[in-house]
Number of protein chains: 2
Amino acid sequence: MSSLSTPAIPDIVIGRLPLYLRALTRLRQEGKLVTSSHELGRRLDISSAQIRKDLSHFGGFGKQGTGYQIEFLIERLQAVLQVNQEWMVAVIGAGNLGSAISHYRGFQDRGFRIAHLFDISPDKVGQRIGAFVVLPVSEMRETIRKDDIKIAMLAVPAEHAQTVADQLVEAGVKAILNYAPININVPGTIQIQYIDPVTHLQHMTYYL
Amino acid sequence: MSSLSTPAIPDIVIGRLPLYLRALTRLRQEGKLVTSSHELGRRLDISSAQIRKDLSHFGGFGKQGTGYQIEFLIERLQAVLQVNQEWMVAVIGAGNLGSAISHYRGFQDRGFRIAHLFDISPDKVGQRIGAFVVLPVSEMRETIRKDDIKIAMLAVPAEHAQTVADQLVEAGVKAILNYAPININVPGTIQIQYIDPVTHLQHMTYYL
């Protein structure tokens, strides 16, 4: 707190903020105006002390005993996470998964809009999938540069994921959400996150 | 080590084991027989010290300087995670996402087999999706009980997720992977994990 530079907030704290934002948005939908770290904690199965500590990194949100103003906290978290703007997202891979992602309506009101859907297969290119006409991967770099797209979702087979990721980084993408079940090497300046349902299933079977 | 009961292994360690297993399986595919904590660490962007420490919870896997026998470590991790058997999985929700999950071929060789696909909509029930004929949710409880299914993947709209989860728990399901963007309350004896792409995207935009 007293150092000259802002102390870095642990990444694990940042990772919980989207969960807080999601729960708060749900509470607002339910017509609530005020909540507490206890109510949030119950909903998220996170201790109220942890929630208070996490939020304290970003300033004072609630007075002792009065709780959090939901609307204010939503706006604040959206600003911290930089989703008080709309990010364009490119989806690579127009198979079953890429198609499902392209149809998903849950991105728009949470800060993201799918701008393009790319595939390498001549069978897919030119096809209409939901609101998109599938573009060829050969146009990916140029299109991403032209539209200044910073985020991509990777839904290609594991064996192509590294190559496509390299091309995305070259095109200026700064954050990749990889659905291919393989670890990818990207420069340290690039954000990468993974979604692999099997790792979640295997995590749970340990306990069964 | 010296306590009478086995000390619990931190959940965060368990969560990394599927990543180790995935990386080791990939190394085996590449024809390798032996690896090291350094090689694994580079691939996974996890420190080699962390990997050695994590694996040490499960006994000695490598001698200093000789590395890990990949095949042996794979078998050991599969046994620890209990995926040296095949788990039947029920998928609830036959929309775009449930359909993509049902088509995904990455479950089978990692310990899971989708057994049934359920939906509530009369438009979907009876339809063929990939290898499945969509069953009505009204038959879910009976079918899950009869087949002794312990794992379910939830791909229903957020507003239905809690109700369906309650029914799954009542039917005997012990582990739920929830794709609906909402937190679900389940008894403490039930495993639950979440996949919500937007939380990953929002985590990354913080750093952009």
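Numbers given for residues are sequential positions, taken from 1 along each chain in its written order. The lettering of chains begins at A and the numbering of ligands begins at 1, in the order of writing. The predicted origin of the model limits local features to residues at a pLDDT of at least 70 and limits the giving and counting of side-chain atom pairs to 80 or more, whereas totals for whole chains, interfaces and linings rest on all residues. To obtain the side-chain values, all non-hydrogen atoms of the structure were used and water was disregarded.

**Student:** Teacher, can you tell me more about the overall build of chain A here?
**Tutor:** Within chain A, the secondary structure is distributed over 8 helices and 11 strands. By its C-alpha atoms, chain A is 60 × 45 × 35 Å across when sized along the principal axes. Scored against the burial criterion, the 208 residues of chain A give a buried share of 49%. Only the protein chains shown count as cover for residues, with accessible areas throughout obtained via the Shrake-Rupley method and a probe of 1.4 Å. When the accessible area of chain A is evaluated, it comes to approximately 10200 Å², of which 52% is carbon and sulfur surface. Counted as positive: Lys and Arg. Counted as negative: Asp and Glu, with His and the chain ends omitted from the count. We put the charge of a Lys on NZ, of an Arg on CZ, of an Asp on CG and of a Glu on CD. Computed over 21 positive and 19 negative side-chain charges, the inter-centroid distance for chain A is 8 Å. Helix and strand definitions follow DSSP, with helices as H or I runs of at least four residues and strands as E runs of at least two, each counted in order from the N terminus. Think of it in three bands: with a 1.4 Å probe and only protein chains considered, a residue is buried below 20% of the maximum accessible area for its type, exposed above 50%, and partly exposed in between.

**Student:** When you look at the sheet that holds strand 5 (residues 112-119) of chain A in this model, what are you seeing that I'm missing?
**Tutor:** For sheets, the rule is that strands pair by backbone hydrogen bonds, running either parallel or antiparallel. Residue and element names in this part refer to chain A. Whether two strands pair comes down to DSSP finding at least two bridges between them. Reading across from one edge, 8-5-4-9-10-11 is the order of the 6 strands in this open sheet, with parallel pairing throughout. Of all strands in the sheet, those with a lone pairing partner are strand 8 (135-136) and strand 11 (191-194), marking the two edges. In terms of strand pairing, strand 9 (residues 151-154) meets strand 10 (residues 175-178) through 4 bridges, oriented parallel. By the bridge assignment for strand 10, Leu154 is matched with Asn178. Docked against the sheet, helix 5 (residues 96-103) engages strand 4 (87-92), strand 5 and strand 9, running at close to 155° with respect to strand 5. Contacts: residue pairs with any heavy atoms within 4.5 Å of one another. Comment: axis = line fitted to C-alpha atoms, over the contacting stretch for helices; angle = value between 0 and 180 degrees taken between N-to-C directions.

**Student:** Help me understand the relation of the copies chain B and chain A in this model?
**Tutor:** Copy one and copy two of the chain differ by a rotation about an axis and a translation along that axis. Residues reaching a pLDDT of at least 70 in both copies supply the C-alpha atoms on which the copies are superposed by least squares. Mapping chain B onto chain A is achieved by rotating through 180° and translating by 0.0 Å along the same axis, at an RMSD of 0.0 Å. These values place the two chain copies in the arrangement generated by a two-fold rotation axis. Closest approach to the rotation axis among the C-alpha atoms of chain B is made by Ala100 of chain B, whose C-alpha sits 3.3 Å away.

**Student:** I would appreciate a short explanation of unusual backbone geometry in the present structure.
**Tutor:** Apart from glycine, the bulk of residues carry a negative phi angle, and the bulk of peptide bonds sit in the trans form. Even without being glycine, Asp45 of chain A reaches a positive phi, approximately 55°. With respect to the secondary-structure elements, Asp45 of chain A resides in the loop between helix 2 (37-44) and helix 3 (48-56).

**Student:** Which parts of the structure should I look at to understand the interface of chain B and chain A?
**Tutor:** Contacts between the two partners involve 58 residues from chain B, matched on the other side by 58 residues from chain A. Note: buried area is the sum, over both parts, of the accessible area (probe 1.4 Å) each one loses when the two are combined. Summed over both sides, the interface between chain B and chain A buries roughly 5600 Å², with carbon and sulfur atoms accounting for 63% of that surface. Each reported salt bridge corresponds to a side-chain nitrogen of Lys or Arg within 4 Å of a carboxyl oxygen of Asp or Glu. The interface formed by chain B and chain A holds 4 salt bridges in total. Taking the shortest distance from any N to any O, the salt bridge between Arg110 of chain A and Asp196 of chain B comes out at 2.9 Å. For this analysis, a polar contact is any N or O atom pair within 3.5 Å, provided that within protein one partner can donate a hydrogen and the other can accept it, and provided that sequence-adjacent residues contribute only side-chain to side-chain pairs. Viewed at the interface, chain A and chain B are joined by 24 residue pairs in polar contact (both at pLDDT 80 or more). Contributing elements (two or more residues each) for the side of chain B that touches chain A: helix 1 (11-29), helix 2 (37-44), helix 5 (96-103), strand 9 (151-154), strand 10 (175-178), strand 11 (191-194) and helix 8 (197-205) of chain B.

**Student:** It is not clear to me how the environment of Asp166 of chain B should be interpreted in this structure. Could you clarify?
**Tutor:** All names here are of chain B. Residue position: Asp166 is located in helix 7 (residues 158-171). For Asp166, a relative accessible area of 41% gives the class partly exposed. Remark: the alpha-carbon pair of Asp166 and Gly67, spanning 99 residues in sequence, is separated by 46 Å.

**Student:** Explain the environment of Leu208 of chain B to me, please; I cannot follow it from the model alone.
**Tutor:** When you line up the elements, Leu208 of chain B lands in the segment after helix 8. Considering only alpha carbons, one finds Leu208 of chain B and Val34 of chain B, 174 residues apart in sequence, at a separation of 38 Å. Apart from the residues lying within four places of it in its own chain, the contact partners of Leu208 of chain B are Gln82, Trp87, Lys150, Ile151, Lys174, Ala175 and Gln191 of chain A.

**Student:** Looking at this structure, how should I read the packing of helix 1 (residues 11-29) of chain A against helix 3 of chain A?
**Tutor:** Think of two packed helices as two axes; the pair is described by the angle between the axes and how far apart they sit. Residue and element names in this part refer to chain A. Between helix 1 and helix 3, the least distance of the axes is 10 Å, while the angle of their chain directions is 105°. Classed by the angle they form, the pair helix 1 and helix 3 counts as roughly perpendicular. Residues Val13, Arg16 and Tyr20 of helix 1 pack against Gln50, Ile51, Asp54 and Leu55 of helix 3. Across the contact of helix 1 with helix 3, the residue classes tally to 4 nonpolar, 1 polar and 2 charged. Comment on the angle field: the value is read as roughly parallel under 35 degrees, roughly antiparallel over 145, roughly perpendicular from 65 to 115, and oblique elsewhere. For this classification, Asp, Glu, Lys and Arg are treated as charged, while Ala, Val, Leu, Ile, Met, Phe, Trp, Tyr, Cys and Pro are nonpolar and the rest, including Gly, are polar.

**Student:** Which parts of the structure should I look at to understand helix 1 of chain B?
**Tutor:** Helical periodicity: at 3.6 residues per turn, an α-helix aligns residues three or four positions apart in one direction. Expected helix span is taken as 1.5 Å per residue step, with the number of steps being one fewer than the number of residues. The first and last C-alpha atoms of helix 1 of chain B sit 28 Å apart over 19 residues, in line with the 27 Å expected at 1.5 Å per residue. Three or more residues of helix 1 of chain B are buried, namely Val13, Ile14, Arg16, Leu17, Pro18, Tyr20, Leu21, Arg22, Ala23, Leu24 and Leu27 of chain B.

**Student:** Quick question: what am I supposed to make of the packing of aromatic side chains here?
**Tutor:** All names here are of chain A. In this analysis, rings of Phe, Tyr and Trp, with Trp reduced to its six-membered ring, are considered paired at centre separations within 6.5 Å, and the interplanar angle assigns stacked below 30 degrees, edge-to-face beyond 60, and tilted for intermediate values. One pass over the full model with this rule turns up 4 aromatic pairs over all chains. With a centroid separation of 4.9 Å and an interplanar angle of 85°, the aromatic rings of Tyr206 and Tyr207 are classed as edge-to-face. Relative accessible area serves as the criterion here: at 33%, Tyr207 is assigned to the partly exposed category.

**Student:** Looking at this structure, how should I read the pattern of salt bridges?
**Tutor:** A side chain with one charge may pair with a side chain of the opposite charge, provided their charged atoms come close. Residue and element names in this part refer to chain B. Under the definition given, this model contains 22 salt bridges over all chains. Glu30 is paired through a salt bridge with Lys32; the nearest N and O atoms lie 3.4 Å apart. Residue Glu30 is joined to Arg43 by a salt bridge in which the shortest nitrogen-to-oxygen separation is 2.6 Å. Residue Glu30 is found in the loop between helix 1 and strand 1 (34-35), and its partner Arg43 is found in helix 2; the two are separated by 13 residues along the sequence.

**Student:** How should I be thinking about the domain arrangement of chain A in this particular structure?
**Tutor:** When the parts come together, some accessible area is lost, and that loss is often what is quoted as the size of the interface. Taken as a whole, chain A is organised into domain 1 (11-80) and domain 2 (87-200). Note that the domain bounds reflect an automated or database-derived domain assignment. Placing the centre of domain 1 of chain A and that of domain 2 of chain A at their C-alpha centroids yields a distance of 31 Å.

**Student:** It is not clear to me how the packing of helix 5 of chain A against helix 5 of chain B should be interpreted in this structure. Could you clarify?
**Tutor:** Taken N-terminus to C-terminus, the directions of helix 5 of chain A and helix 5 of chain B make an angle of 170°; their axes are 9 Å apart at the nearest point. Comparing their axes, helix 5 of chain B and helix 5 of chain A come out roughly antiparallel. The segment helix 5 of chain A lies against helix 5 of chain B, with Asn96, Leu97, Ala100 and His103 of chain A engaging Asn96, Leu97, Ala100 and His103 of chain B. Partitioning the contact of helix 5 of chain A with helix 5 of chain B into residue classes produces 4 nonpolar, 4 polar and no charged.

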